[in-house]
Protein chains: 2
Amino acid sequence: MMVSTKGRYALTVMVDLARNSGDGYVSLADIAERENLSMKYLESIISMLIKGGILQSLRGKNGGYRLARDPADYSINEILLLTEGTRAPVNCIMQDGVQCEKAATCSTLPLWAGLDRVIDAYLSRITLEDIITGNRKKMLGEYCSSCESEAAE
Amino acid sequence: MMVSTKGRYALTVMVDLARNSGDGYVSLADIAERENLSMKYLESIISMLIKGGILQSLRGKNGGYRLARDPADYSINEILLLTEGTRAPVNCIMQDGVQCEKAATCSTLPLWAGLDRVIDAYLSRITLEDIITGNRKKMLGEYCSSCESEAAE
DNA sequence: CTTATTCCTACCGCGATGGTAGGATTTACA
DNA sequence: TGTAAATCCTACCATCGCGGTAGGAATAAG
């Protein structure tokens, strides 16, 4: 029931790029130093984000990375999917619709499906921009009775 | 972001016991055969549930296991916590309130905290009885607009 | 042509997962 | 009293993913 460091670091990179964009491409060394993370490990994580098309890169001198889109156009779900591979909480929930052969009679499947939907709904609703602007009401306020809902969806 | 087989099997055992109770204690062999799972592996999982106090056991001939309480009094969260150890999606969210030293300035922490709250709210709301009665509306209907809410919380 | 950078492949220790094996202990019942 | 049926306990083990390291090839700026 854990998001690995891969997913957390990926999000950290995205946040770092969102904050430090504007002056072209940002080098891996800069990101690693700012975030105090292993450069080599970050490199492998970033390559997943590149292959997923959510980051752009430029090789050679003065090269580096930058966001492909506006921060508001990234859902957290999208970022985590690239590094975690799947978001489903159990492997009997398949992303492509294929289910295990016991699905028809499995009494616990609706629970896992429901859990998956709850997680999906939350991570799809929060954007990269919500994080960099510190929108705590949107991130934490879902079950806070003292918060009036601002996202009426 | 996965619930391991330990957690899934634990829930399977609880459901099996809830369904086959009434005639005293149920043996491990019976559970394993019905659910088609490894007896020895189930044994180690059940021992966690015993130590957690949510199952009762009887040794010797005609012994076995049974629920300690009514199915409606078990939340799924409680069952999974015993086998998974933690429910927090990232290790920077501590169950006992202790946080990492960067917590004050970490911009992604509210996201993980919010995700934890969403998962906690869902798993705490669903009970063992909801599963054995197949309460699909409660398990799946949270984001289904055609379902009138029955659990007003 | 040198320097700074990404890209690619390979490797590696560690711990958790998903089991298996065997015996000690306890209880019912004949 | 003895035996069968059951839980309990300890140890072991193969495999896999995580978290990370290393070294070099390709590319681009100046």
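Preceding this paragraph is the structure being described.
Presented here is an overview of the structure given in this document. (Residues numbered from 1 in each chain as written. Chains lettered and ligands numbered in written order. Predicted model: local features only at pLDDT ≥ 70, side-chain atom pairs only at ≥ 80, totals over all residues. Heavy atoms only, no water.)

1. Observations concerning the protein's contact with DNA strand D
Near DNA strand D you find 22 residues, and of these T5, S38 and K40 of chain A together with L28 and S57 of chain B are the closest. Of what DNA strand D places within 4 Å of the protein, 63% of the atoms are sugar or phosphate. Between DNA strand D and K40 of chain A, the relevant distance is 2.5 Å, taken from a base oxygen to a side-chain nitrogen or oxygen of the residue. With respect to DNA strand D, the side chain of E43 of chain B contributes an N or O atom lying 2.8 Å from a base nitrogen. For the surface near DNA strand D, the secondary-structure elements that each account for two or more residues are α1 (5–19) and α3 (39–51) of chain A together with β1 (55–58) and β2 (64–67) of chain B. In terms of residue count, α1 of chain A provides more of the surface near DNA strand D than any other element does, three residues in total. Its residues placed into classes, the surface near DNA strand D shows five nonpolar, 10 polar and seven charged. (Near = heavy atom within 4 Å. Polar contact = N/O pair within 3.5 Å; in protein donor to acceptor, adjacent residues only side chain to side chain. Helix = DSSP H or I, 4+ residues; strand = E, 2+ residues; numbered from the N terminus. Nonpolar A, V, L, I, M, F, W, Y, C, P; charged D, E, K, R; others polar.)

2. Here's the deal with the interface of chain B and chain A
Contact with chain B, which involves 41 residues of that partner, is made by 41 residues of chain A. Interface of chain B and chain A: buried area, both sides summed, is about 3,900 Å²; carbon and sulfur atoms make up 69% of it. Across the contact surface, chain B and chain A share zero salt bridges. Along the contact surface separating chain B from chain A lie seven residue pairs in polar contact (both at pLDDT 80 or more). Among the secondary structure elements, those contributing two or more residues to the side of chain B that touches chain A are α1 (5–19), α4 (76–84), α5 (109–125) and α7 (136–140) of chain B. If one sorts the elements of the side of chain B that touches chain A by residue count, α5 of chain B sits on top with 12 residues. (Contact = heavy atoms within 4.5 Å. Buried area = accessible area lost by both parts, 1.4 Å probe. Salt bridge = Lys/Arg side-chain N within 4 Å of Asp/Glu carboxyl O.)

3. Remarks on the packing of helix α4 (residues 76–84) of chain A against helix α5 (residues 109–125) of chain A
All names here are of chain A. At their nearest, the axes of α4 and α5 sit 6 Å apart, and the two run at 115° to each other. Classed by the angle they form, the pair α4 and α5 counts as roughly perpendicular. Of α5, the residues touching α4 (which contributes I76, N77 and L80) are D120, L123 and S124. Partitioned by chemical class, the residues of the contact of α4 with α5 number three nonpolar, two polar and one charged. (Axes fitted to C-alpha atoms, helices over the stretch in contact; angles between N-to-C directions. Parallel < 35°, antiparallel > 145°, perpendicular 65-115°, else oblique.)

4. Digging into the relation of the copies chain B and chain A
Once chain B has been moved 0.0 Å along the axis and rotated by 180°, it coincides with chain A to within an RMSD of 0.1 Å. Expressed as a symmetry operation, the mapping of one chain copy onto the other fits a two-fold axis. Across chain B, the smallest distance between a C-alpha and the rotation axis is recorded for M1 of chain B, namely 2.2 Å. Same-surface contact between copies: 100% of interface residues of chain B are shared with the interface of chain A. (Least-squares fit on C-alpha atoms with pLDDT ≥ 70 in both.)

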